[in-house]
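# What the coordinates show
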Amino acid sequence: MINSSGKMFTPIRIGSVEMRNRVALAPMSLESITPFENSYLDNRCKEYLVQRAMGGVGLMIVSCWRVDEDIEPMHHFHCNILTRGALYSIVELNEILHSFGAKVFYQLTAGFGRVGSPHPPGGGQPVAPSALPAFWDPKVTCRELSTGEIDTLVEKFGFWAGELKKAGVDGVELHAHEGYLFDQFSCAVFNKRTDKYGGDLEGRLTFAREILHAIKASAGDNFPVVYRYGLKHYMKGYFKGAVPGEDFKEFGRTLEEGLEMAKILERDGFDALHVDAGCYDSWYWPHPPNYMQHGCMAELAAQVKKEVNIPVIAVGRLDDPEVALEVIDKDKADIVAVGRGFLADAHWANKVRYGEVDQIRPCLGCHDACTGRLFNGKPMCCAVNPTVGRELDYQIHKAPEPKKIMIIGGGPAGMEAARVGAMRGHDVTLFETREKLGGHLVAGSVPEFKKDIRKLMSWYEIQLRQLGVTVLTSTPAGLETIERQRPDEILFCTGSVPLVPSIEGIDNPKTAHCIDVLNGEVTLGKNVVVIGGGLVGCEIALWAAGGGRKITIVERLEALMSSGPTVSKENRQMTIDLLALNNIEIRLLSTVSRVTDDQLYLMDSGFNQSRMEYDNLVVAAGMKKDDRLFLEAEKLFKNVRRIGDCLEVRNIQGAIWDGYEVARRL
Ligand SMILES: Cc1cc2nc3c(=O)[nH]c(=O)nc-3n(C[C@H](O)[C@H](O)[C@H](O)COP(=O)(O)O)c2cc1C
Ligand code: SF4
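Reading the values: the criteria
Residues numbered from 1 in each chain as written. Chains lettered and ligands numbered in written order. Predicted model: local features only at pLDDT ≥ 70, side-chain atom pairs only at ≥ 80, totals over all residues. Heavy atoms only, no water. Near = heavy atom within 4 Å. Nonpolar A, V, L, I, M, F, W, Y, C, P; charged D, E, K, R; others polar. Polar contact = N/O pair within 3.5 Å; in protein donor to acceptor, adjacent residues only side chain to side chain. Areas by Shrake-Rupley, 256 points an atom, 1.4 Å probe, with all protein chains shown as cover. Helix = DSSP H or I, 4+ residues; strand = E, 2+ residues; numbered from the N terminus. Buried < 20%, exposed > 50% of the residue type's maximum accessible area, 1.4 Å probe, protein only. Expected span 1.5 Å × (residues − 1). Contact = heavy atoms within 4.5 Å. UniProt positions renumbered as here; feature names shortened; annotations may be inferred. Core = buried A, V, L, I, M, F, W, Y, C linked by side-chain atoms within 4.5 Å. Patch = residues over 30% accessible without salt bridge, like charges linked within 9 Å, V, L, I, M, F, W, Y side chains within 5 Å. Salt bridge = Lys/Arg side-chain N within 4 Å of Asp/Glu carboxyl O. Pairing = 2+ DSSP bridges. Axes fitted to C-alpha atoms, helices over the stretch in contact; angles between N-to-C directions. Right-handed = clockwise from strand over helix to strand, strands pointing away. Parallel < 35°, antiparallel > 145°, perpendicular 65-115°, else oblique. Left-handed = near helix turned anticlockwise from the far one by under 90°. Phe/Tyr/Trp six-rings, centres within 6.5 Å; stacked < 30°, edge-to-face > 60°.

Within an unreviewed UniProt entry, the label attached to the chain reads 2-enoate reductase, and the organism entered is Desulforhopalus singaporensis.

### Brief notes about the site of ligand 2
Ligand 2 sits among Arg340, Leu343, Cys363, Leu364, Gly365, Cys366, His367, Asp368, Ala369, Cys370, Cys382 and Ala383. Tallied by class, the residues present in the shell around ligand 2 amount to 8 nonpolar, 2 polar and 2 charged.

### Overview of the site of ligand 1
Taken together, 24 residues lie near ligand 1, and Pro27, Ser63, His177, Arg228 and Arg340 sit nearest. The contact in question runs from an oxygen atom of ligand 1 to an N or O atom on the side chain of Ser63, over 2.7 Å. Between Arg340 and ligand 1, the recorded distance is 2.7 Å, taken from a side-chain N or O atom to an oxygen atom. With the chains in place, 98% of the 610 Å² that ligand 1 exposes on its own is no longer accessible. If you list the elements that add at least two residues to the shell around ligand 1, you get strand E4 (59–66) and helix H12 (371–374). Tallied by class, residues from the shell around ligand 1 come to 11 nonpolar, 9 polar and 4 charged.

### Some remarks on the side chain of Glu539
Considering the arrangement of structural elements, one finds Glu539 in helix H18 (residues 535–544). Judged by its relative accessible area of 9%, Glu539 falls in the buried class. In terms of polar contacts, Glu539 uses its side chain to reach the side chain of Lys450, at 2.8 Å.

### Some details on helix H21 (residues 652–663)
A rise of 1.5 Å per residue sets the reference length of H21, with its 12 residues, at 16 Å; its end C-alpha atoms lie 16 Å apart and thus fit the reference within 8%. With respect to burial, H21 is a largely interior element, 10 of its 12 residues being buried.

### Let's talk about the environment of Met380
Relative to the helices and strands, Met380 is located in the loop between H12 and strand E16 (404–408). According to the relative accessible area criterion, Met380 is buried, its value standing at 3%. A sequence separation of 352 residues divides Met380 from Met28, and the C-alpha atoms of the two residues are 9.1 Å apart. When residues no more than four places from it in sequence are discounted, the contact partners of Met380 are Met28, Ser29, Ser32, Ile33, Tyr48, Leu343, Ala369, Cys370 and Val388.

### Let's talk about the UniProt feature "domain: FAD/NAD(P)-binding" (unreviewed entry) in the chain
According to UniProt, the feature "domain: FAD/NAD(P)-binding" (unreviewed entry) maps to residues 404–636 in the numbering used here. Helix makes up 33% of residues 404–636 and strand 26%, whereas the separation of the span's terminal C-alpha atoms amounts to 18 Å.

### Concerning the nonpolar core
Trp65, Ile90, Tyr106, Tyr227, Tyr229, Leu273 and Val304 are the most contacted members of the largest nonpolar core, which has 170 residues in total. Setting aside anything within four residues of it in sequence, one finds Tyr227 in contact with Leu174, Ala176, Phe182, Ser186, Leu205, Ala208, Met261, Leu265, Phe270, Ala272, Leu273 and His274. With 15 residues, the next largest nonpolar core counts Val17, Ile61, Val226 and Ile313 among its residues.

### Some points on a nonpolar patch on the surface
On the surface, Met54, Ile96 and Phe100 cluster together into a nonpolar patch covering about 220 Å² of accessible area. Examined against the element boundaries, Met54 turns out to sit in helix H1 (residues 43–54).

### Details of the pattern of salt bridges
Between side chains of opposite charge, pairing is possible as soon as their charged atoms come close. Counted according to the given criterion, the structure contains 47 salt bridges. Between Lys7 and Asp331 there is a salt bridge; the shortest N-O distance is 2.8 Å. On the criterion of sequence distance, the pair formed by Lys7 in the segment before strand E1 (12–14) and Asp331 in the loop between helix H9 (321–329) and strand E15 (335–338) is long-range, its members being 324 residues apart. The partly exposed category is assigned to Lys7, whose relative accessible area is 25%. We note a salt bridge from Lys330 to Glu326, for which the minimum N-O separation is 3.9 Å.

### Concerning the sheet that holds strand E27 (residues 609–613)
What links the strands of a sheet is backbone hydrogen bonding, and the strands pair in either a parallel or an antiparallel sense. Ordered in space as E25-E26-E27, the 3 strands form an open sheet in which the pairing is antiparallel. Strands at the two margins of the open sheet, each flanked by one partner only, are strand E25 (590–595) and E27. Neighbour-to-neighbour, the strand axes of this sheet turn through a mean angle of 35°, independent of strand direction. As defined by bridge partners, strand E26 (residues 599–604) adjoins E27 across 5 bridges and the pair is classed as antiparallel. Residue pairing across strands places Tyr601 opposite Arg611, the latter belonging to E27.

### Considering the pairing of strand E23 (residues 550–554)
Of all 5 residues that make up E23, 4 are buried, and the element is covered over most of its length. In this structure, strand E22 (residues 527–531) lies alongside E23, joined through 5 bridges in parallel fashion. Across the sheet, Val530 pairs through a bridge with Ile553, a residue of E23. In this fold, E22 hands off to H18, which returns the chain to E23; that crossover is right-handed. Of the pairings in the sheet, the one linking E23 to strand E24 (residues 585–587) comprises 3 bridges and is parallel in character.

### Let's talk about the sheet that holds E16
Spatially, 5 strands are ordered E18-E17-E16-E19-E30 in an open sheet, and the strand pairing comes out parallel. The open sheet has two edge strands, strand E18 (470–472) and strand E30 (640–642), and neither has a second partner. For this sheet, the mean angle separating the axes of adjacent strands, direction not counted, is 15°. Two elements, strand E17 (residues 427–431) and E18, share 3 bridges in a ladder whose sense is parallel.

### Let's talk about the packing of helix H6 (residues 206–219) against helix H7 (residues 255–268)
The interhelical angle for the contact between H6 and H7, taken along N-to-C directions, is 25°, at an axis separation of 10 Å. Classified by the interaxial angle, the pair formed by H6 and H7 is roughly parallel. Taken as a pair, H6 and H7 cross one another with a handedness that is right-handed. When H6 is examined against H7, the residues Arg209, Leu212 and His213 are found in contact with a partner set consisting of Ile264, Arg267 and Asp268. Taken together, the residues that form the contact of H6 with H7 break down as 2 nonpolar, 1 polar and 3 charged.

### Structural notes on unusual backbone geometry
Across the junction of Ser63 and Cys64, the peptide omega takes the value -10°, indicating a cis bond. Checked against the element boundaries, Cys64 lands in strand E4. Despite not being glycine, Leu589 shows a phi value in the positive range, around 50°. Within the fold, Leu589 resides in the loop between E24 and E25.

### Things to note about the packing of aromatic side chains
Aromatic ring pairs are defined here through the distance separating the ring centres and the angle between the ring planes. Within the structure shown, the criterion is met by 25 aromatic pairs. Ring geometry for Tyr394 and Tyr660: centres 5.8 Å apart, planes at 10°, overall stacked. Here the residue Tyr394 occupies a position in the loop between H12 and E16, and Tyr660 occupies one in helix H21, the gap between them amounting to 266 residues. Where Phe492 meets Phe630, the ring centres are 5.9 Å apart and the plane angle is 75°; that geometry is what we call edge-to-face. You can see Phe492 sitting in strand E19 (residues 489–492) and its partner Phe630 sitting in helix H20 (residues 628–636), a full 138 residues away along the chain.

In structure tokens, the structure reads:
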């Protein structure tokens, strides 16, 4: 039980609107649940939000909406557009969300500016506050928005805010963070204008101020408007972010300017400030990966709170209940916004409120299925919760007839299948050879920056116990066990085993697989070489770094993390920046060609040979499926299936999703 004052679950006001508690659902692109070609929030979007309102959210911030589609043409899946059709569905959705006691703010964007598509649909030039190189293709120069276009945007913000108010929306938030158009207007690096929209900070905030006034004029003075912005940009230059703790000169917004902004925004009449950090060039700040601490931006919110009297919303890995409660209890912020915590567990707020924190399915900070899918044009979801965005279809119903299900292998696929199978009312037995459930999660959760995986393992153990799954650890299961058990369904979740490249001398005693290293079976010396620059190789290098140890990653491809499951933009960018900060040497397009007792022989793509001394050679060259038992069993028994790595080597998401998909149909 966490010791807390309980203040998080007391009401608070933003302007005239009272929230039942101090928990907001951080805005997360609805357009990636269903592209709004027909400008209508469909049942997928509705149910996704309704589940979170049922889960105890006080304020739903529904993102992300444009008021105009002509000035900055966009592909429909990049952003929702406010239309009459959209309003109809917004009315209905508000009614439901209000029935569950949540307040509803819509997040409005002025556009993407320099970070939008360099080649907008229909041709033409991208737009920005000033003539800037486009982020995604710096050869393309954005055109400066005309004052006429700015006037149109201001007018449309006013109009649509009025319409949203009539539709029952309680307030709006301006999407002025993470480097989009509003943010570009407010920052001197991106705004070089010489008219009233540029110049000093007051001038650069004119665009937001005029929009605020237009909204208030149309929707009324008591219609709350929140400004969401990054207090500091953490930019070392264009396309260069700065990681926490790095000594650097701020190229973007400084902390001092961010605090000055807070005072101006309050004076101008904004009703609350929603504070994070970073921008596109330092994307891992607004989208903090697992390498960031829980509550990584809470101290920034706390600094703003000292400067203003309007409510301050903190955000950023606040899904750890202890950290979130402390933010409120210690008055670092008035409201906590939680994003991915609500993807991983729709009922996060109620579970915190009722002291059921061990029932919360944790977010891993991986971005594999949320932004990772969104940026690849796939519907947003969650690695640990495959029901996100399909809550209606993916409910688990009791099976018409209980079956006896035997699951072999207690990694993520096996644990998820056991959980879902038991929820369906089946009699499930889970066999695990090792002493502990988890499979590769056990080694994978050793680094401190992977500690949320430990929480996930505990969560599964609790769920399986509560659901009455028979868990047999230290119990290998073979063909005779199946014969004896006579199950109706058999699921093989036997996972994967390390791939060891065929290199002369690789069986040297100084060679170890990364799993053994993580499990503490090997003591690392001062000079470590890692074969394989996939995510696992990079992370083991980061974990082993420090204490004067020299680490080299040898990767045969031309870039790190370029094979295996896609690593999201923010996690990849931060991994690379952390490797650089830790002075980890990267040898791309290179292979280890021979291993001797004291030397490694390397070869690059030009067939140039070099040698290096080493203390340990750590192999992180991938895994191969372990399906030996499955192949035997399927010859002898009916209803035998395999899931997880044993089917195809992937990541945690692949394993959990297989477990869910298969078990919910048994
Ligand atoms: C899938 C996804 C989509 C997001 N879309 C938006 C958005 O449309 N508008 C916005 O302001 N922030 C967006 N964010 C950022 C979140 O609001 C939030 O600031 C971020 O995820 C950090 O909070 P968390 O650690 O609680 O997830 C998005 C985040 C995710 C994961
Ligand atoms: S995909 Fe990963 S980061 Fe995103 S919500 Fe799920 S667990 Fe969290």
